[in-house]
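Single-letter residue listing:
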Amino acid sequence: MAVNGQWCLIESDPGVFSELIKDFGCTGLQVEELWSLDECAFNDLKPVHGLIFLFKWKNESEQDQQGKVVYGDTDIFFAKQVINNACATQAIISVLLNIESSDISLGDTLTQFREFTSSFDPALKGMSLTNADRLREVHNSFARQNMFEFDSKSAEKDDDVYHFVAFVPFKDRVYELDGLKPGPIDHGPFTDDWLTVVRPLLQARVARHAATEITFNLMAVVGDKLMALDRELRAAEGDMLVADIKNKMRIEEEKRANYKIENIRRKHNYIPLIMEMLKILSEKGMLLPLTEKAKEKLASKSSTKKAGPS
């Protein structure tokens, strides 16, 4: 649970990110998870307005860096990350505020934020993002409920630290937006499809760390599928085509209904229920025996693992 002024850790999940975008007031978009870097995986999701890449952060030298950091004034929205735990939302907002499409509506909150920070440098934009009450409120709505509050600590040397970055097409060039860098990273121009530039880039990055790291996650910010299918349905001719589109719409609606249920469960506070159950078990004299039984079961599993297959 986050306290005033702080940002909580949130789960990297398409249902979470899609609801974040909606609650920011933005329409015409949703988030899909990519399980492959193959071309066909991206083709199924077009139009792709941006990518959000999660990886285990490692301090790399400038020689290892792909692309070129752009310093100074630039039209692209770029904010420095100035607080822990906000990098997921910062990556999403970095995509949203750089989308060049008339099909997307940012809504009042993001439009006002972009206008307010338009003349700021990256550090001041990052500070403004950190202190944007509405954005932090939406982000923290996914905070996990805890029975106790713990003092936050900085990551130790050997701790695993995960980080989000965004990739966007902007004015016919591909940019990487990493709040830990001094500026946006220019990965060069593209002609028809920006994904032809970013796919090999991601493949090379994953391959470089594949020997020691397998934890990667890739999300695509794409056009609203239901809106697109509704347009197709209105223009469709023929019973088979209409039936196919309606089936796709049904699948999409079921997926969103499942996302909604999952997000309700993420946000619900189960602690009072758990405490009441423990209290009842204790009053009936069942808590200690169940605890001892659980310890025995855990010890048995541990010994089986150590013994290995016979």
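Structural notes, computed from the coordinates.

Rules and cut-offs
Residues numbered from 1 in each chain as written. Predicted model: local features only at pLDDT ≥ 70, side-chain atom pairs only at ≥ 80, totals over all residues. Heavy atoms only, no water. Axes fitted to C-alpha atoms, helices over the stretch in contact; angles between N-to-C directions. Helix = DSSP H or I, 4+ residues; strand = E, 2+ residues; numbered from the N terminus. Parallel < 35°, antiparallel > 145°, perpendicular 65-115°, else oblique. Left-handed = near helix turned anticlockwise from the far one by under 90°. Contact = heavy atoms within 4.5 Å. Nonpolar A, V, L, I, M, F, W, Y, C, P; charged D, E, K, R; others polar. Buried < 20%, exposed > 50% of the residue type's maximum accessible area, 1.4 Å probe, protein only. Pairing = 2+ DSSP bridges. Phe/Tyr/Trp six-rings, centres within 6.5 Å; stacked < 30°, edge-to-face > 60°. Expected span 1.5 Å × (residues − 1). 1 Å grid on protein atoms, 1.4 Å probe; cavity = no way out; pocket = protein on both sides within 12 Å on 5 of 7 lines; lining within 4 Å. Points joined across faces, edges and corners; volume = space filled by probe spheres on them.

Before going further, it helps to examine the packing of helix α1 (residues 14-24) against helix α6 (residues 133-140). Packing of α1 against α6 brings their axes to within 10 Å, and their N-to-C directions diverge by 150°. The pairing of α1 with α6 is recorded here as roughly antiparallel in orientation. In terms of crossing hand, the pair formed by α1 and α6 is right-handed. For the pair α1 and α6, contact is made by Leu 20, Asp 23 and Phe 24 and by Arg 134, Leu 135, Val 138 and His 139, respectively. Looking at side-chain class alone, the contact of α1 with α6 contains four nonpolar, one polar and two charged residues.

Turning our eyes to something else, we now look at the pairing of strand β5 (residues 173-177). Burial runs high along β5: four of the five residues are buried. Direction of pairing for strand β4 (residues 162-170) relative to β5: antiparallel, over a ladder of five bridges. Note on β5: the bridge partner recorded for Val 168 is Tyr 175. Here β4 folds back onto β5 in antiparallel fashion, the turn holding two residues, of which Lys 171 has a positive phi close to 50°.

Another aspect to go through is the packing of aromatic side chains. What describes a pair of aromatic rings is the distance from one ring centre to the other and the angle between the planes of the rings. Counted according to the given criterion, the structure contains six aromatic pairs. Ring plane angle 20° and centroid distance 5.5 Å describe the contact between Phe 53 and Phe 55, whose orientation is recorded as stacked. The exposure class of Phe 53 is buried, given its relative accessible area of 3%. Judged by its relative accessible area of 12%, Phe 55 is buried. Aromatic pair Phe 170 and Tyr 175: ring centres 6.5 Å apart, planes at 70°, arrangement edge-to-face. In this structure Phe 170 comes out as buried when scored by relative accessible area, which is 9%. Overall, the relative accessible area of 10% leaves Tyr 175 in the buried class.

Further remarks concern helix α9 (residues 239-267). A rise of 1.5 Å per residue sets the reference length of α9, with its 29 residues, at 42 Å; its end C-alpha atoms lie 42 Å apart and thus fit the reference within 8%. Of all the positions in α9, only Ile 245, Met 249, Glu 252, Tyr 259 and Asn 263 are classed as buried.

Okay, α6 next. For α6, the full list of buried residues reads Leu 135, Arg 136, Val 138, His 139 and Asn 140. In this structure, the buried side of α6 is in contact with α1, α3 (87-96), α4 (107-117) and α5 (122-130).

Moving on to the layout of surface pockets. The calculated volume of the second largest pocket comes to roughly 460 Å³. Around the second largest pocket sit 21 residues that line it, and Ser 18, Glu 19, Lys 22, Arg 256 and Tyr 259 are the ones nearest its centre. Elements with a contribution of two residues or more to the lining of the second largest pocket: α1, β1 (29-34) and α9. With seven residues, α9 is the single largest residue contributor to the lining of the second largest pocket. For the lining of the second largest pocket, the residue count by class is six nonpolar, six polar and nine charged.

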